[in-house]
Amino acid sequence: MEKRTLGAGPGRGLLGAVGLAVAAALISCAGKQTPKDRITDPGQSLFNGQTLSGITCYKCHGDDATGTWRGPNLIKALPTLSDQDIAKTILEGPGLMPSYKGKLDDHQVAKITAWLRMRATTVANAQPR
Ligand code: HEC
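In what follows, the accompanying structure is described. Here the structure is a predicted model, which means the values were calculated and not measured.

## A few points about the overall build of the chain
Secondary structure summary: the chain contains six helices and zero strands in total. Helices (α) and strands (β) of the chain occur, in sequence order from the N terminus, as α-α-α-α-α-α. Evaluated residue by residue, the chain yields a buried proportion of 19% over its 129 residues. Intrachain contacts of the chain at a sequence separation of at least 6 include 52% that bridge at least 24 residues.

In structure tokens form, the structure reads like this:
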């Protein structure tokens, strides 16, 4: 009878493949993008990478800014943040967030901020108190 040591043999390759598949699924489920024809606001367009291809906030914060495993829920955080806080965050890029200094001008930052505020207001009003 053939003896097999645990952890060796073809079983390992299969485990690796499953791990890769899980990782790929996780990455692909981060931040879906709002398609161009459903964009209603210039800030939303910027946030969703539809105005400038290098600006991809949606990838980490989700197309509706409610967050993914890569970035926090901005709608929830918004009431605690001033416009200056938001601008500073976008330009400096704290922690795992990239810096957008030189990639977004003040006008574009203001557009994104205005859209986030509008979304936060809509969400707050939709919730029963
Ligand atoms: C690579 C992923 C990633 C991208 C892309 C990204 N962010 Fe972030 N963002 C983060 C992470 C992670 C944090 C939390 C940072 C920390 O404090 O450690 C964060 C924090 C923030 C905060 C502050 C939230 C709070 O509670 O203080 C704002 C506002 C924000 N991001 C807006 C944006 C905007 C607007 C864009 C696009 C211009 C963007 N982010 C792109 C990952 C990302």
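Structure's up, so let's keep going.
## Looking at the site of the ligand
Neighbouring residues of the ligand: 22 residues in total, closest Cys 57, Cys 60, Ala 77, Gly 95 and Met 97. Secondary structure elements with two or more residues in the shell around the ligand: helix 3 (57-61), helix 4 (74-77) and helix 5 (83-92). Per-element tally for the shell around the ligand: the top contributor is helix 3, with four residues. The residue inventory of the shell around the ligand, partitioned by class, reads 15 nonpolar, five polar and two charged.

## Considering unusual backbone geometry
At Ala 65, a residue that is not glycine, the phi angle is positive and equals roughly 70°. With respect to the helices, strands and loops of the structure, Ala 65 is situated in the loop between helix 3 and helix 4.

## Observations regarding the nonpolar core
In this structure, Phe 47, Ile 55, Ala 65, Leu 104, Ile 112 and Leu 116 are the most contacted members of the largest nonpolar core, which totals 15 residues. Put simply, the parts of the chain that give this core at least two residues each are helix 2 (42-47), helix 3, helix 4 and helix 6 (106-126). At four residues, helix 6 tops the list of elements feeding residues into this core.

Quick notes on the rules
Residues numbered from 1 in each chain as written. Predicted model: local features only at pLDDT ≥ 70, side-chain atom pairs only at ≥ 80, totals over all residues. Helix = DSSP H or I, 4+ residues; strand = E, 2+ residues; numbered from the N terminus. Buried ≥ 20, exposed ≤ 12 C-beta atoms within 10 Å, placed from the backbone. Contact = placed C-beta atoms within 7 Å. Near = placed C-beta within 6 Å. Nonpolar A, V, L, I, M, F, W, Y, C, P; charged D, E, K, R; others polar. Core = buried A, V, L, I, M, F, W, Y, C linked by C-beta atoms within 7 Å.

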